[in-house]
Amino acid sequence: MKTRIEQLKKKIEQFTAQTPRELEEFRIAVLGKKGELTAIFDDFKNIAAEQKKEMGKLLNEVKNMVQDRLKNQKEMFDSSADDVLVPDKTLPASAESIGSRHPISITGNEIIEIFTRLGFAIADGPEIEDDWHVFSALNFPPDHPARDMQDTFFVERNPDILLRTHTSSIQVRVMERQKPPIRVICPGRVFRNEAISARAHCIFHQVEGLYIDRNVSFADMKQTLLYFAREMFGENTEIRLRPSFFPFTEPSAEMDVSCKICGGKGCNICKNTGWLEVLGCGIVDPNVLEACGIDSHQYTGFAFGMGVERLAMLKWQIKDLRLYFENDVRFLKQFETA
Ligand code: PHE
């Protein structure tokens, strides 16, 4: 028995595994059910009593030795293998990745920046408004459909308190407290009673603008909006103004920009027209100026308003409005470098 143990000892001493698999095979060959050391342990029962002390000691030594060796070699593989992480509990925690700006903030800030370069100041106002600032001062007739529960969220009725449906309400507040010249942009959240779908949401963001002074003309508005369009969509962008209607502007127009996806040739983003609708605008109706205490014989002005979600959709070709509100990190992470 002694020679068997000595031989096994030599074998263990000389063994070095090249792969974790080899190491495991060796472990089974020695310590497994049918392993060499296991077999010697089995025979240990049968040896003479006076030999037991010496052999027992030897056997235990070999057993410890093989276990140490297996352990050491396993550790070597563990620390050298690239794909195996050895947890080192003394290391500082890895840094959390930094969040990214929301596409609505990025686009909103871009719009604001362009108009601030033109000398527009930023104005703010409440989201919960009264009828006067959202509708009446803006020349909405009493039976206008926007005043209907189907389009507007009411907080209280008679007198009506409601969630603003556009940030034009901020413009009214500015006109009421400030004498012309006025040059402001009004960014903010607005609310409309719409069923939520890929193309409509009950909450969205607007940036509206107002410019009032002596002799402000439609041409001034067009030039301002052309500058904005080229800053926002690129220097080769063309604009076109189509006649439209808003209660608070006369004349009113809707502005399209040439489709930057197809360069105006026609694609599915611009529905083959070559143009993308981006904002509403017009010359402030004299009724609105008078309602806000501004002399419409001395002053004229233009106003415009755009939806931030829509511009962000055009910028990144986002197809579903709901993505903006779900805060799915897989969506948000895509704007990390934007
Ligand atoms: N307030 C309009 C809207 O919410 C946008 C607009 C603003 C149009 C100013 C013309 C002038 O759709």
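Coordinates for the structure precede this section.
Below, the structure is looked at part by part. If you're wondering where the values come from, they're calculated on a predicted model, not measured in any experiment.

## Quick notes on the sheet that holds strand E4 (residues 161-163)
Next up, step 1: Judged by pairing direction, the sheet is antiparallel, and its three strands sit side by side in the order E2-E4-E3 without closing on themselves. On the outer flanks of this sheet lie strand E2 (128-130) and strand E3 (154-156), each paired with one strand and no other. Here the strands of the sheet are splayed against their neighbours by 35° on average, with no regard to which way each runs.
Next up, step 2: Pairing between E2 and E4: three bridges, direction antiparallel. When the sheet's bridge partners are listed, Glu129 is paired in E4 with Leu162.

## Here's the deal with the environment of Leu138
Next up, step 1: With respect to the element layout, Leu138 can be found in the loop between helix H6 (131-134) and E3.
Next up, step 2: Once the C-alpha coordinates of Leu138 and Phe246 are considered, the two residues, 108 residues apart in sequence, prove to be 9.4 Å apart.

## What about the nonpolar core?
Next up, step 1: Ile111, Phe228, Leu279, Phe304, Met306 and Leu311 are the most contacted members of the largest nonpolar core, which totals 45 residues.
Next up, step 2: Elements that contribute at least two residues to this core include exactly helix H5 (103-117), strand E6 (203-213), helix H8 (218-233), strand E8 (249-258), strand E9 (275-284), strand E10 (300-307), helix H10 (308-316) and helix H12 (329-332).
Next up, step 3: In this structure, Leu311 is in contact with Thr107, Ile111, Phe228, Met232, Phe233, Val278 and Met306, ignoring residues within four places of it in sequence.
Next up, step 4: One finds Val284, Leu289, Ile294 and Ala303 within the second-largest nonpolar core, a separate group that totals 26 residues.

## Overview of the side chain of Asp131
Next up, step 1: Locating Asp131 in the fold gives a position in helix H6.
Next up, step 2: Filtering out sequence-adjacent residues up to four positions away, Asp131 remains in contact with Ser136, Arg147, Asp160 and Leu162.

## Let's talk about the side chain of Thr107
Next up, step 1: The topology assignment puts Thr107 in helix H5.
Next up, step 2: With near-sequence residues (within four places) excluded, Thr107 lies in contact with Met232, Val308, Leu311, Ala312, Lys315 and Trp316.

## Here's the deal with the pattern of salt bridges
Next up, step 1: All chains considered together, the criterion is met by 19 salt bridges.
Next up, step 2: Of the charged contacts in the structure, one is a salt bridge between Arg117 and Glu231, with a shortest N-O distance of 2.5 Å. Of the two residues, Arg117 is situated in helix H5 and Glu231 in helix H8; the sequence distance between them amounts to 114 residues.
Next up, step 3: Arg117 sits in the partly exposed class, given a relative accessible area of 47%.
Next up, step 4: On the accessibility criterion, Glu231 (37% relative accessible area) is partly exposed.
Next up, step 5: A network of salt bridges, in which partner residues are shared, links Arg240, Arg242, Asp256 and Glu277.

## What to know about the sheet that holds E10
Next up, step 1: With mixed pairing, the seven strands of this open sheet are ordered in space as E1-E5-E6-E10-E9-E8-E7. Both edges of this open sheet fall to strand E1 (121-122) and strand E7 (239-246), since each of them pairs with a single strand only.
Next up, step 2: Two elements, E7 and E8, share seven bridges in a ladder whose sense is antiparallel. Considered in E8, the bridge of Arg240 is made with Asp256.

## A few points about the packing of aromatic side chains
Next up, step 1: Within this structure, the stated rule accounts for 14 aromatic pairs.
Next up, step 2: Between Phe135 and Phe140 the ring centres are 5.0 Å apart and the planes differ by 70°, which places this aromatic pair in the edge-to-face class.
Next up, step 3: Taking relative accessible area as the criterion, Phe135 reaches 0% and is therefore assigned buried.
Next up, step 4: Using a relative accessible area of 9% as the deciding quantity, one classes Phe140 as buried.
Next up, step 5: Each member of the aromatic cluster is reached from another via a ring pair, and the members are Phe115, Phe120, Tyr211, Phe228, Phe302 and Phe304.
Next up, step 6: Across the ring face of Phe44, the terminal group of Lys52 is positioned such that the distance to the ring centre comes to 5.6 Å.
Next up, step 7: Its guanidinium or amino end placed over the ring of Phe154, Arg157 lies 3.7 Å from that ring's centre, counting from NZ or CZ.

## Brief notes about the pairing of E9
Next up, step 1: The buried fraction of E9 is high, at eight of ten residues.
Next up, step 2: With eight bridges joining them, E8 and E9 adopt antiparallel strand pairing. Within the sheet, the bridge partner assigned to Ser258 lies in E9 and is Trp275.
Next up, step 3: Sheet topology note: the E9/E10 ladder contains five bridges and is antiparallel. Looking at the pairing, Ile283 lines up with Phe302 of E10.

The rules behind these values
Residues numbered from 1 in each chain as written. Predicted model: local features only at pLDDT ≥ 70, side-chain atom pairs only at ≥ 80, totals over all residues. Heavy atoms only, no water. Pairing = 2+ DSSP bridges. Helix = DSSP H or I, 4+ residues; strand = E, 2+ residues; numbered from the N terminus. Axes fitted to C-alpha atoms, helices over the stretch in contact; angles between N-to-C directions. Core = buried A, V, L, I, M, F, W, Y, C linked by side-chain atoms within 4.5 Å. Buried < 20%, exposed > 50% of the residue type's maximum accessible area, 1.4 Å probe, protein only. Contact = heavy atoms within 4.5 Å. Salt bridge = Lys/Arg side-chain N within 4 Å of Asp/Glu carboxyl O. Phe/Tyr/Trp six-rings, centres within 6.5 Å; stacked < 30°, edge-to-face > 60°. Lys NZ or Arg CZ within 6 Å of the ring centre and 35° of its normal.

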